[in-house]
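Per-entry structural report
Here's the letter readout for the chains.
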Amino acid sequence: MTPNPIVMKQAEARIGSAGSRFCIPTPALLVDLDPFERNVARMAQRAAAASVALRPHAKTHKSAAIGRKQIDAGAVGLCCVKLGEAEALAHAGLGGLLITSPVGGAAGAARAAELARLDPDLLMVVDHEDQVRDLAAAAKAAGVYVSLLIDIDVGHGRTGVFTPAAAVALAEQISGQPALRLAGVQGYGGHWQHIVGAADRRNAVESGMARLTAGVNALRANGYRVPLVTGGGTGTFSADAELHVLNEVQPGSYIFMDNQYRDALGNDADGGFEQSLFVQAQVISINAKEWVTIDAGLKAFATDGPVPRPVGARFGGSQYSYFGDEHGKLMRPSNGPPIALGERVELIPPHCDPTIDRYDVLHFVRGDVLVEMAPIEAAHRSQ
């Protein structure tokens, strides 16, 4: 989708001026640079201290500008879920992309081969022999090489081979294709990331990493090199680092955080990241006695997880509820001056990744100043 040029012009005119944070057309997606930059640095430091490579997941931000910031801070590349996300970021000049979900069909394989022209370091995952066959044919036709990871199910059941024997059978098929290269394995436990309590999360990760280790050991026992073992996320970093199975991690939400992660991680070691992503809205109706209406409703947030939570001295603690597609109901604060039309409120989204996908532009702010705007190139790229 193309950003609205009128809205863009209004916001761009305010860049750099005092108070411009609160003059953006709403609803708007804001990234507060001070906590964001601390989050980026903290994860980079944690990965370096644990001697694991960091390949952050771009499904969280879908933005070339943020991807560059992560790579500049030491990331070896970026993860994407879908071909469309990776295509958008590759065309924006980013490389070292790992597509973490298998691609089905010959048409998808042909797109992957073309993507490998843009990004020779592209990594794809496979969990079925038909995917290997299609990628081999597409890579040969395009005259490129494609590096593959065998996706191993670690208990989620969403993707991945279920047994070490199946991993070995895929490796054997890959080894027989001159245009393909086995680069390692992936084992991602998305179902662990929001488990409440560090001890319970670690127990779940330990069980899943045992399954991943079994697959890696079987591959190596059959003579296959497994240089890359990748997986993990924001909620499981401590466990991933302690267990020493992964040599690369794929966290995404740490840069922004959201209500789901706030509630799950609390004050444990993986919860030390700051909230940096907000949806800004403004009050558009003040006639009701007990609440006001704001211009951010169902279309402004991903609606899985807890409801959006207002923050700040004025509205922090006020209860928000959805009031329709375009509107939200915000209960009036118990004290303070009367609420005026046009007052701004910022809210923490329930789930950062799909909330980002509802927007076209990120507004980077520092203090009360809008300092930069950046397109979300990979938004709306679910194909």
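Since the structure is predicted, the reported quantities are computational estimates derived from the model, not experimental observations.

Some words on the overall build of the protein
Within the protein, the regular secondary structure consists of 11 helices and 17 strands. Computed over the C-alpha atoms, the radius of gyration of the protein is 22 Å, within 12% of the 21 Å expected from 2.2 N^0.38 for a compact globule of 383 residues. By its C-alpha atoms, the protein is 70 × 45 × 35 Å across when sized along the principal axes. Counting over 383 residues, the protein shows a buried share of 53%. By sequence separation, contacts in the protein at least 24 residues apart represent 70% of the contacts at least 6 residues apart. Treating the 34 positive side-chain charges of the protein as one cloud and the 40 negative ones as another, the clouds have centres 2 Å apart.

A few points about the layout of surface pockets
The gaps of empty space that remain are located by a probe, the size of a water molecule, rolled over the atoms. If you add up the space inside the largest pocket, you get close to 590 Å³. Forming the walls of the largest pocket are 31 residues, and the residues nearest its centre are Lys 59, Val 81, Arg 158, Tyr 188 and Gly 190. Residues belonging to the lining of the largest pocket are distributed by class as follows: seven nonpolar, 18 polar and six charged. By volume, the second largest pocket amounts to about 440 Å³. Together, 21 residues line the second largest pocket, and Val 7, Pro 27, Arg 358, Tyr 359 and Asp 360 are the ones closest to its centre. Secondary-structure elements contributing two or more residues to the lining of the second largest pocket are α1 (5-12), β1 (28-32) and β16 (361-366). Along the lines of polarity and charge, the residues of the lining of the second largest pocket split into 12 nonpolar, four polar and five charged.

Details of the side chain of Asp 134
Locating Asp 134 in the fold gives a position in helix α6 (residues 129-142). When its relative accessible area of 15% is taken as the criterion, Asp 134 is described as buried. Side-chain polar atoms of Asp 134 contact the side chain of Arg 133, separated by 3.2 Å. Those residues within four positions of Asp 134 in sequence are excluded, and the remaining contacts are Gly 105, Ala 106 and Ala 109.

Let's talk about the sheet that holds strand β5 (residues 123-126)
Here we have eight strands laid out as an open sheet, ordered β2-β9-β8-β7-β6-β5-β4-β3, and parallel in their pairing. Of all the strands in the sheet, the pair left with one neighbour each is β2 (53-54) and β3 (78-80). In this sheet, strand β9 (residues 248-249) lies alongside strand β8 (residues 228-231) in parallel orientation, the contact comprising two bridges. Of the residues in β9, the one forming a bridge with Gly 231 is Val 249.

A few points about helix α2 (residues 33-50)
Note that an α-helix has 3.6 residues per turn; residues three or four places apart therefore point the same way. Taking 1.5 Å per residue, 18 residues should reach 26 Å; α2 reaches 26 Å between its end C-alpha atoms and fits that length. Three or more residues of α2 are buried, namely Leu 33, Pro 35, Phe 36, Asn 39, Val 40, Met 43, Ala 44, Arg 46 and Ala 47. Of the surrounding secondary structure, the elements contacted by the buried residues of α2 are β1, β2, α3 (64-72), α9 (237-243), β16 and β17 (369-375). Immediately downstream of α2, the backbone of Ser 51 shows phi near 60°, a positive value.

A closer look at the pairing of β8
Burial along β8 is two-sided: Leu 228 and Thr 230 facing one way and Val 229 and Gly 231 facing the other are all buried. Looking at chain direction, strand β7 (residues 180-187) and β8 are connected through four bridges and run parallel. Bridge pairing in β8 links Gln 186 to Thr 230. The parallel pair β8 and β9, bridged by α9, forms a crossover whose chirality is right-handed.

Describing the pattern of salt bridges
Scanning the model with the defined rule gives 20 salt bridges in all. When the shortest N-O distance is used, the salt bridge between Arg 201 and Asp 268 registers 2.7 Å. Placement of Arg 201 in helix α8 (residues 198-221) and of Asp 268 in the loop between α10 (259-265) and β10 (277-285) is noted, with a sequence separation of 67 residues between them. Assigned by exposure class, Arg 201 and Asp 268 land together as buried.

Here is what the cut-offs are and how they apply
Residues numbered from 1 in each chain as written. Predicted model: local features only at pLDDT ≥ 70, side-chain atom pairs only at ≥ 80, totals over all residues. Heavy atoms only, no water. Helix = DSSP H or I, 4+ residues; strand = E, 2+ residues; numbered from the N terminus. Rg over C-alpha atoms; globule rule 2.2 N^0.38 Å. Buried < 20%, exposed > 50% of the residue type's maximum accessible area, 1.4 Å probe, protein only. Contact = heavy atoms within 4.5 Å. Lys, Arg positive; Asp, Glu negative; His and termini not counted. Charge placed at Lys NZ, Arg CZ, Asp CG, Glu CD. 1 Å grid on protein atoms, 1.4 Å probe; cavity = no way out; pocket = protein on both sides within 12 Å on 5 of 7 lines; lining within 4 Å. Points joined across faces, edges and corners; volume = space filled by probe spheres on them. Nonpolar A, V, L, I, M, F, W, Y, C, P; charged D, E, K, R; others polar. Polar contact = N/O pair within 3.5 Å; in protein donor to acceptor, adjacent residues only side chain to side chain. Pairing = 2+ DSSP bridges. Expected span 1.5 Å × (residues − 1). Right-handed = clockwise from strand over helix to strand, strands pointing away. Salt bridge = Lys/Arg side-chain N within 4 Å of Asp/Glu carboxyl O.

Just geometry here; none of it tells us what the structure is for.
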